[in-house]
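# Fold and geometry: a report
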Amino acid sequence: MSKPDSEKTVGDVHEALSRPLFNPVLKVTVGEGKLDYEIYLRTADLLRLQTPRSELVDADELMFQVVHQAQELWLKLLAHEVAEVVDDLDGDRLWEVTARLDRAVRITHCLSHELRVLETLTPDTYQVIRRHLGNGSGQESPGYNAVRVAASYAAEALDRLLARHEVALADVYAGPRPELKRVCELLVDLDEGYQTWLFTHYLLVRRTIGVGRDVAALDGVPTQVLVGRMTQPLFRALWAVRSQLTAEWRREGGLAPGADRREARVPA
Ligand code: HEM
């Protein structure tokens, strides 16, 4: 016999959630891993990958695990998409390159937004969870390493693309090759999205354990190292070309602020 509503506890809610659930729309039981949705997505395996409630060291630990696992999934997908970009770059399929880079950029936005859920973890609670993480380091993240490797292949494929088209990178920004410029700018968007994720992570670390030369990460490294690492781009040449264009810039030909602009039209 079920308890009256007034006597139900949080334990009863979790107990109910731990069992298969009846879906009144489909009139089937969900959670036994037997439905097509569950079989295709392997939800039974997926949902087993988090520590059961009875073994959590804090109720917030589930959130901590889910965000980390979800980040690994997004990073896996990001690396996959960037690897496909390499193939499309080498095949001169520029529409496909831009479509895939658009997707990759959106994935980096997801990564940053999702990380902000972890900002709700207060420092005192993290100090509890932290005791159970061994000497783990973020550098051990498979997804992070995969993205960096895939991006290094993409950087080489961009060099090959430009070589086939006989254009230097600086000339992409000077010459009439809008399709190549679009590819380069999307790679910059991707890099910016990736660095924004690292910067978001830096702020997360700062508010959770602090950043400083005397604040040690679990592996003993001072958290200060994050400051230098988070600005390391994926596509170095694409950032260098900006500095190059600025170095080559000359003031001559410009108009003084307030001068008559009628003779200075944008070329048709
Ligand atoms: C409260 C949550 C978190 C804290 C306190 C934290 C803390 C840290 C610290 C102290 C470092 C630098 C030392 C080291 O390499 O271990 C680091 C690096 C790193 N973390 Fe986290 N982290 C958190 C969440 C995450 C999440 C959700 C991810 C997603 C995969 C992540 C990915 C990384 C990566 C990739 C690095 C290496 C970055 C680099 O060396 O530039 N971290 N983290």
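A brief report on the enclosed structure follows. (Residues numbered from 1 in each chain as written. Predicted model: local features only at pLDDT ≥ 70, side-chain atom pairs only at ≥ 80, totals over all residues. Heavy atoms only, no water.)

## Here's the deal with the overall build of the protein
Within the protein, the regular secondary structure consists of 11 helices and two strands. Each helix (α) and strand (β) of the protein, taken in turn from the N terminus, gives the series α-β-β-α-α-α-α-α-α-α-α-α-α. Computed over its C-alpha atoms, the radius of gyration of the protein comes to 25 Å, more than 25% above the 18 Å expected for a compact globule of 268 residues. Principal-axis analysis of the C-alpha atoms places the extent of the protein at approximately 85 × 50 × 40 Å. (Helix = DSSP H or I, 4+ residues; strand = E, 2+ residues; numbered from the N terminus. Rg over C-alpha atoms; globule rule 2.2 N^0.38 Å.)

## What about the coordination of the iron atom of the ligand?
Among protein atoms, the single one acting as a donor to the iron atom of the ligand is His201 (NE2), 2.1 Å away. By the secondary structure assignment, His201 is in helix α9 (residues 178-208). (Donors = N, O, S within 2.8 Å, 3.2 Å for Na, K, Ca; no water.)

## A closer look at the pattern of salt bridges
Tallying each qualifying case throughout the model produces 17 salt bridges. Among the ionic pairs, Arg207 bridges to Glu119, the shortest N-O distance being 3.4 Å. One end of the pair, Arg207, is in helix α9; the other, Glu119, is in the loop between α5 (94-118) and α6 (123-130), and 88 residues separate them in sequence. Among the salt bridges present, the one from Arg177 reaches Glu179, with a minimum N-O distance of 3.0 Å. According to the relative accessible area criterion, Glu179 is partly exposed, its value standing at 34%. (Salt bridge = Lys/Arg side-chain N within 4 Å of Asp/Glu carboxyl O. Buried < 20%, exposed > 50% of the residue type's maximum accessible area, 1.4 Å probe, protein only.)

## Things to note about the site of the ligand
In the vicinity of the ligand lie 21 residues, with Ser137, Gly138, Gln139, His201 and Arg229 positioned nearest. Contact between the ligand and Ser137: an oxygen atom at 3.0 Å from a side-chain N or O atom of the residue. Arg229 places a polar side-chain atom, nitrogen or oxygen, 2.6 Å from an oxygen atom of the ligand. Of the pockets mapped on this structure, the ligand occupies the largest pocket. (Near = heavy atom within 4 Å. Polar contact = N/O pair within 3.5 Å; in protein donor to acceptor, adjacent residues only side chain to side chain. 1 Å grid on protein atoms, 1.4 Å probe; cavity = no way out; pocket = protein on both sides within 12 Å on 5 of 7 lines; lining within 4 Å. Sits in = over half its atoms within 2 Å of the grid points.)

## A closer look at the nonpolar core
Within soluble globular proteins, side chains that are nonpolar tend to cluster in buried spots. Ranked by size, the top nonpolar core spans 55 residues in total, and within it Leu78, Leu118, Leu158, Leu190, Trp197, Phe235 and Leu238 carry the most contacts. Counting residues per element, the ones that place at least two in this core are α4 (61-90), α5, α6, α7 (142-164), α8 (169-174), α9 and α11 (236-248). The element that contributes the greatest number of residues to this core is α9, accounting for 13 residues. Filtering out sequence-adjacent residues up to four positions away, Leu78 remains in contact with Ala104, Ile107, Thr108, Leu111, Val147 and Leu190. (Core = buried A, V, L, I, M, F, W, Y, C linked by side-chain atoms within 4.5 Å. Contact = heavy atoms within 4.5 Å.)

## Section: the packing of aromatic side chains
A complete count under the given rule lists three aromatic pairs for this structure. Note on Tyr194 and Trp197: the rings are 6.2 Å apart at their centroids and 45° apart in plane angle, and the pair reads as tilted. Of the two residues, Tyr194 and Trp197 are both situated in helix α9; the distance of three residues between them amounts to about one turn of the helix. We note that Tyr194, like Trp197, is buried. (Phe/Tyr/Trp six-rings, centres within 6.5 Å; stacked < 30°, edge-to-face > 60°.)

## Some words on the layout of surface pockets
The computed volume of the largest pocket comes to approximately 1,300 Å³. If you go around the largest pocket, you meet 44 residues; those closest to its centre are His68, Ser137, Gly138, Gln139 and His201. Of the volumes computed, that of the second largest pocket is approximately 970 Å³. Taken together, 24 residues make up the lining of the second largest pocket; nearest its centre are Leu17, Ser18, Arg19, Leu47 and Gln50. Where the lining of the second largest pocket is concerned, the elements lending two or more residues are α1 (10-17), α2 (36-41), α3 (43-47) and α4. Ranked by residues supplied to the lining of the second largest pocket, first place goes to α3 with three residues. Among the domains, domain 1 (15-47) and domain 2 (59-247) are the pair contributing at least three residues each to the lining of the second largest pocket. (Points joined across faces, edges and corners; volume = space filled by probe spheres on them. Domains from an automatic or database assignment.)

## Observations concerning the packing of α9 against α11
It is at 9 Å that the axes of α9 and α11 come closest, and there the two elements cross at 110°. With respect to α11, the axis of α9 lies roughly perpendicular. Mapping the contact onto sequence places Cys184, Glu185, Leu187, Val188, Asp191, Glu192 and Gln195 in α9 and Leu238, Trp239 and Arg242 in α11. Here the residues of the contact of α9 with α11 sort into five nonpolar, one polar and four charged. (Axes fitted to C-alpha atoms, helices over the stretch in contact; angles between N-to-C directions. Parallel < 35°, antiparallel > 145°, perpendicular 65-115°, else oblique. Nonpolar A, V, L, I, M, F, W, Y, C, P; charged D, E, K, R; others polar.)

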